[in-house]
Amino acid sequence: METKIPKPKDAFLSLMRADFTTQWRNRRAVVMSVLVPTVILISWKGLVDKLGGPFVISISLTIGLTSIGLMGYAISVARDRDKGIFQRLRATPTPNFFIMISRLTVQLAMIVLLVACVFIVGYKFDKITLSPAGYALTFVTGIIGGALYLGLGQSIVGFVKNAETVSSTTRLVYIAFLMLGMFGELNQFPETFNQMVHWSPFGTVRMILTGGMDPHLWNHETTIALFVSVGYAVVFCFLGIKWFRWNSAGA
Amino acid sequence: MIDKRTAYTFVKLKPSFWKMIDYTGSSILTVDRLNVFYGSFQAVKDVSFEVRPGEIFGLLGPNGAGKTSTLSAVEGLLKPHSGDIHVAGFNVSKQPLHAKANMGIQLQATSFQPELTITEIIRLFAGIYGVPLTSQRLNAILQDIKLEDAASKRFGQLSGGQQQRVSLVIATIHDPILVMLDEPTTGLDPQSRRQLWGRMEAIREKGHAVLLTTHSMEEAEAVCDRIAIIDHGRVIATNTPEALIELHRNDPNVIAASRKGKITLEDVFIGLTGKTVRA
């Protein structure tokens, strides 16, 4: 009898097919991830002239990315960990990182879908158009922003073992980010608070998204925001991976 | 049927180099002085046993005795503090993918993605194990486990017995030399349990091995060729069920545990592990 180690490509494709199918069957969650940003985009139509199209789109995208990283990724990982799905997969001759990379690939596709939907809705309803370079760069900054929120989701699911606690924690954080997005940068609060929001994970992602949409306006502060965003992503991912346990019992 | 005395495995190390392991007289699974800790708590203490080709080996013990921890270490799901585990000649720590490729596993609380159908779950694991799966082969598998009408059902929609059949099919989809079943008959009706026993015996007939944990002494007596009783993390007895009964027949604790005069494996088990209910 031959010991047949499956080809990495076959194993990975099988995992990805299953993860994409799972995502497709969770269409309601997918719709919600896209719906909230597009509703904000449509409801802020009157503010486009005042705040600028890229600003409004960046707020919508940031909220959408938060939703994907926290509500989509973290909750599904916590649920599957709780159900022993990861343990079952880990008992197969598949490297552990394949399991997570497959999950992250699905989320990456979600980010691309979100950015595309926001661009389409922004154009159709708010008549917001960007240069070709702006569209391309926004996909890149969207992925960087998405990595930050996926990292944040990973650190929550790493730190909190119980699936229900993960769910409630991510919802709280999501609502906090939603509030920051809606009101945080309207300069209605003390300067210290405004600065905190500005350099928070929400603010830096919004800045790089805005900068990406209009490359002519990309300045020194945007570059710093890019580095800070990458820094946040690295720290969150490091902590999330360090704390993460494959089963909820913590073994 | 493969004669277990001449059961061989050809182990592909590199495309150009084939190693042949002769299982004649050797073990499919060797656990040597295994120690597992959870923090400062030692769940498994110097556990050693082996599982031979063509054998159903039972690991028995009260709740929290260390059975699942031992199995988890063999499955590579937790890192032991010390000890060696070899599956089909491969060290689980040093060659985990080769070792896992030779194992089929049914976890105690096996769960699959609830959004996937039975067909999709079987396809997923066939892909992971690199098993080509045509539609005809898939249909044959579903017919074999009498679930051809439930192909598009999701795992959570199946009964306990049906779930166990799917889990076992997935555990054996790559025809592994070692199948590990963690309390597979818990909650099953007698018909489903008998059917599962038949499937275990079929694996044995092929010269492969089954490592089974169970709380059912009836099951252990019915299907296991040898058993190890584990308590407080230690193996306290290893032998055939018949030999264990014979060896401990006159033990006062065993006699005290006997309910109907005739000494059973359950009496031996309670005699050796005590009457105290474990958490």
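Rules and cut-offs
Residues numbered from 1 in each chain as written. Chains lettered and ligands numbered in written order. Predicted model: local features only at pLDDT ≥ 70, side-chain atom pairs only at ≥ 80, totals over all residues. Helix = DSSP H or I, 4+ residues; strand = E, 2+ residues; numbered from the N terminus. Rg over C-alpha atoms; globule rule 2.2 N^0.38 Å. Pairing = 2+ DSSP bridges. Axes fitted to C-alpha atoms, helices over the stretch in contact; angles between N-to-C directions. Contact = placed C-beta atoms within 7 Å. Core = buried A, V, L, I, M, F, W, Y, C linked by C-beta atoms within 7 Å. Buried ≥ 20, exposed ≤ 12 C-beta atoms within 10 Å, placed from the backbone. Parallel < 35°, antiparallel > 145°, perpendicular 65-115°, else oblique. Left-handed = near helix turned anticlockwise from the far one by under 90°. Nonpolar A, V, L, I, M, F, W, Y, C, P; charged D, E, K, R; others polar. Right-handed = clockwise from strand over helix to strand, strands pointing away. Expected span 1.5 Å × (residues − 1). Bend = angle between axes of the 7 residues up to and from the residue.

Peer 1: Is there a simple way to think about the overall build of chain A in this case?
Peer 2: Helix and strand counts for chain A stand at 11 helices and one strand. Start at the N end of chain A and walk to the C end: the helices and strands fall as β-α-α-α-α-α-α-α-α-α-α-α. For chain A, the C-alpha radius of gyration of 19 Å lies close to 18 Å, the compact-globule estimate for 251 residues. Taken along the three principal axes of its C-alpha coordinates, chain A extends 70 × 35 × 35 Å.

Peer 1: Please clarify how the sheet that holds strand 9 (residues 178-182) of chain B should be interpreted in this entry.
Peer 2: Consider a sheet: its strands pair through backbone hydrogen bonds, and that pairing is either parallel or antiparallel. All names here are of chain B. Across the sheet, six strands lie side by side as 8-9-10-5-11-12; this open sheet has mixed pairing. The open sheet is flanked by strand 8 (103-106) and strand 12 (234-239), the only strands paired with a single partner. In this sheet, neighbouring strand axes are inclined to one another by 15° on average, regardless of whether the strands run parallel or antiparallel. Across four bridges, strand 5 (residues 56-60) lies against strand 11 (residues 226-231) in parallel orientation. Residue pairing across strands places leucine 59 opposite alanine 228, the latter belonging to strand 11. Along the sheet, helix 5 (residues 160-171) contacts strand 8 and strand 9; its crossing angle with strand 8, the most-contacted strand, is approximately 165°. Its contacts with the sheet place helix 8 (residues 241-248) against strand 11 and strand 12, and it is angled at close to 105° to strand 12.

Peer 1: Would you explain the nonpolar core in this entry?
Peer 2: Side chains that are nonpolar tend, in soluble globular proteins, to be buried together. Of all hydrophobic cores here, the largest spans 86 residues; its most connected members are B:Ile121, B:Leu178, B:Val210 and B:Leu211. The biggest single contributor to this core is helix 3 (residues 118-128) of chain B, with seven residues. Each residue touching B:Val210, except ones within four places of it in the same chain, is listed here: B:Ile56, B:Phe57, B:Val179, B:Leu181, B:Met200, B:Ile203 and B:Arg204. Within the second largest apolar cluster, 50 residues are counted, among which are A:Ile40, A:Ile57, A:Ile156 and A:Ala233.

Peer 1: Sorry if this is basic, but what is going on with the interface of chain A and chain B here?
Peer 2: Size of an interface: often given as the accessible area lost when the parts come together. In this complex, chain A contributes 28 residues to the contact, which on the side of chain B involves 30 residues. Secondary-structure elements contributing two or more residues to the side of chain A that touches chain B are strand 1 (2-3), helix 1 (8-25) and helix 5 (85-90) of chain A.

Peer 1: Before we go on, may I ask you to explain the sheet that holds strand 6 (residues 82-87) of chain B in this structure?
Peer 2: Residues and elements named next belong to chain B. Pairing within the open sheet is antiparallel, and its four strands lie in the order 4-3-6-7. The sheet is open, and its two borders are formed by strand 4 (41-51) and strand 7 (90-91), each paired with just one other strand. Sheet topology places strand 3 (residues 29-38) next to strand 6; five bridges connect them, and they run antiparallel. The residue bridging asparagine 35 from the neighbouring strand is serine 82, located in strand 6. Here helix 1 (residues 67-74) sits on the sheet and contacts strand 3, strand 4 and strand 6; the angle it forms with strand 3, its principal contact strand, is near 115°.

Peer 1: How do you make sense of the environment of A:Asp80 when you look at a structure like this?
Peer 2: Residue and element names in this part refer to chain A. Relative to the helices and strands, aspartate 80 resides in helix 4 (residues 53-83). Here the alpha-carbon distance between aspartate 80 and tryptophan 246, two residues 166 residues apart in the chain, equals 9.5 Å. Every residue in contact with aspartate 80, bar those within four places of it in the chain, is listed here: Ile85 and Phe86.

Peer 1: Help me out: how do you make sense of the packing of helix 7 (residues 132-159) of chain A against helix 11 (residues 220-243) of chain A in this one?
Peer 2: Between two packed helices, what matters for the description is the angle formed by their axes and the separation of those axes. All names here are of chain A. Between helix 7 and helix 11, whose axes approach to 7 Å, the crossing angle comes to 30°. Classified by the angle between their axes, helix 7 and helix 11 sit roughly parallel to one another. Considering only the axes of helix 7 and helix 11, their crossing is left-handed. Here helix 7 contributes Ile144, Gly145, Ala147, Leu148, Gly151, Leu152, Gln154, Ser155, Val157, Gly158 and Phe159 to the contact with helix 11, which in turn contributes Ser229, Val230, Tyr232, Ala233, Phe236, Cys237, Leu239, Gly240, Ile241, Lys242 and Trp243. Partitioning the contact of helix 7 with helix 11 into residue classes produces 14 nonpolar, seven polar and one charged.

Peer 1: Quick question: what am I supposed to make of the pairing of strand 9 of chain B here?
Peer 2: The two faces of the sheet receive side chains in turn, since in a regular strand these alternate between them. All names here are of chain B. For strand 9, a buried count of five out of five residues is recorded, marking the element as mostly surrounded by other parts of the structure. Taking every second residue as pointing to the same face, both faces of strand 9 are buried, with Leu178, Met180 and Asp182 on one and Val179 and Leu181 on the other. Bridge analysis of strand 8 against strand 9 gives four bridges, and the strand direction is parallel. In the strand pairing of strand 9, methionine 103 is matched with leucine 178. Since strand 9 and strand 10 (residues 209-214) lie parallel, the crossover through helix 6 (residues 190-205) that links them has a hand, and here it is right-handed.

Peer 1: What should I look at first to understand helix 2 (residues 27-43) of chain A in this one?
Peer 2: Since the α-helix turns once every 3.6 residues, residues separated by three or four places project in the same direction. All names here are of chain A. For helix 2, built from 17 residues, the straight-helix expectation of 24 Å at 1.5 Å per residue is met to within 8% by its first-to-last C-alpha distance of 23 Å. The largest bend along helix 2 measures about 25° and falls at leucine 35, with the proline proline 37 one to four residues further on. Listed in full, the buried residues belonging to helix 2 are Ser33, Val34, Pro37, Thr38, Ile40 and Leu41. Those residues of helix 2 hidden inside the fold are in contact with helix 4 and helix 6 (96-126).

Peer 1: Could you clarify how one ought to interpret unusual backbone geometry in this entry?
Peer 2: All names here are of chain B. Its identity is not glycine, yet arginine 33 carries a phi of approximately 50°, on the positive side. With respect to the helices, strands and loops of the structure, arginine 33 is situated in strand 3. The backbone phi angle of alanine 88 is positive, close to 50°, even though this residue is not glycine. Within the secondary structure, alanine 88 is located in the loop between strand 6 and strand 7.

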